[in-house]
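This is what each chain is made of:
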Amino acid sequence: DSGVTQTPKHLITATGQRVTLRCSPRSGDLSVYWYQQSLDQGLQFLIQYYNGEERAKGNILERFSAQQFPDLHSELNLSSLELGDSALYFCASSVGQVLTDTQYFGPGTRLTVL
Amino acid sequence: TQLLEQSPQFLSIQEGENLTVYCNSSSVFSSLQWYRQEPGEGPVLLVTVVTGGEVKKLKRLTFQFGDARKDSSLHITAAQPGDTGLYLCAGARRDRFGGTSYGKLTFGQGTILTVHP
């Protein structure tokens, strides 16, 4: 158990819909990262927040958005869903934001778009 | 374009054999990490290497960072069924933001290792 929690564990929805994935970081961690893992693209970095502020952006689509709240939990919003958005979405957290800080990954949310 | 190329993609071996997984790039990374991921779980960090030429050992696992910080390898001695999993390398490159260094990880495609008893 990494200490990072993600809900829901599984999500099945239809194309065109909007979903919200939730992440609670480990106690004391200020950074939250979101990743997408699919068979064809592998594990891809989406976005990082540190203490409520966006710190780094990766291959995140415009239809996707995220935020980190004052209590440090984070949400990833996916809208206008397409079949290709089906993937495992991981949240990770770290104590700080420097390169060598260990990132602890949650168990992931499996999103299926039908 | 995959910045980090991992090889082999699949590895199926017998218990007791040795193996090496490679992670190569044309880019220089400030640090490189190796993760292991089991089905239904998130990746778990095994090691971080930051210095060119660095070698780190974790029981039967030996990690090496290339002198030019463009490549890395993971060697497992006397593999056991418990080593079965997806092994991922991930590189971080330094970005500057208000004087604080932070980075985003670029992952390789992974190596699926199966160790048969």
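The structure reproduced in this document is the subject of the present report. (Residues numbered from 1 in each chain as written. Chains lettered and ligands numbered in written order. Predicted model: local features only at pLDDT ≥ 70, side-chain atom pairs only at ≥ 80, totals over all residues. Heavy atoms only, no water.)

## Looking at the overall build of chain B
For the record, the criterion: Numbering of helices and strands runs from the N terminus, with a helix taken as a DSSP run of H or I at least four residues long and a strand as a DSSP run of E at least two residues long. Type-normalised accessible area, obtained with a 1.4 Å probe on protein chains alone, sets the label of each residue: buried when under 20%, exposed when over 50%, and partly exposed for intermediate values. Here, two residues are considered to be in contact whenever any of their heavy atoms come within 4.5 Å of each other. What sets the accessible areas is the Shrake-Rupley method with a 1.4 Å probe; for residues, cover comes only from the shown protein chains.
When helices and strands are counted, chain B shows 0 helices and 13 strands. Across the 117 residues that make up chain B, the buried fraction comes to 44%. Looking at chain B alone, contacts between residues at least 24 apart form 56% of all its contacts between residues at least 6 apart. Put simply, chain B shows about 5,800 Å² of open surface, and 48% of that area lies on carbon and sulfur atoms.

## A look at the state of the cysteines
Residue and element names in this part refer to chain A. Cut-off, in case you're wondering: The term disulfide is used for any two cysteine sulfur atoms that are within 2.5 Å.
Here the structure, examined in full by the defined rule, presents 2 disulfides over all chains. Disulfide partner of Cys23: Cys91, at an S-S distance of 1.8 Å. Negative torsions about the S-S bond denote left-handed disulfides, and the value of about -45° found for Cys23 with Cys91 makes this one left-handed. Of the two residues, Cys23 sits in strand β3 (residues 19-24) while Cys91 sits in strand β9 (residues 87-94), which places them 68 residues apart along the sequence. With a relative accessible area of 0%, Cys23 lands in the buried category.

## Side note on the environment of Phe65 of chain B
All names here are of chain B. Among the secondary structure elements, Phe65 is positioned in strand β7 (residues 61-65). Judged by relative accessible area, which is 0%, Phe65 ranks as buried. Distance in space between the C-alpha atoms of Phe65 and Glu54 is 5.3 Å, their sequence separation being 11 residues. In contact with Phe65, other than residues within four places in its own chain, are Phe29, Ser30, Ser31, Leu32, Val49, Val50, Thr51, Gly52, Gly53, Glu54, Asp71 and Ser72.

## Notes on unusual backbone geometry
In the segment running from Thr7 of chain A into Pro8 of chain A, the intervening peptide bond is cis, with an omega of -10°. For the bond running from Ser7 of chain B to Pro8 of chain B, omega is -10°, close enough to zero to count as cis. Inspection of the secondary structure assignment puts Pro8 of chain B in the loop between β1 (5-7) and β2 (10-14).

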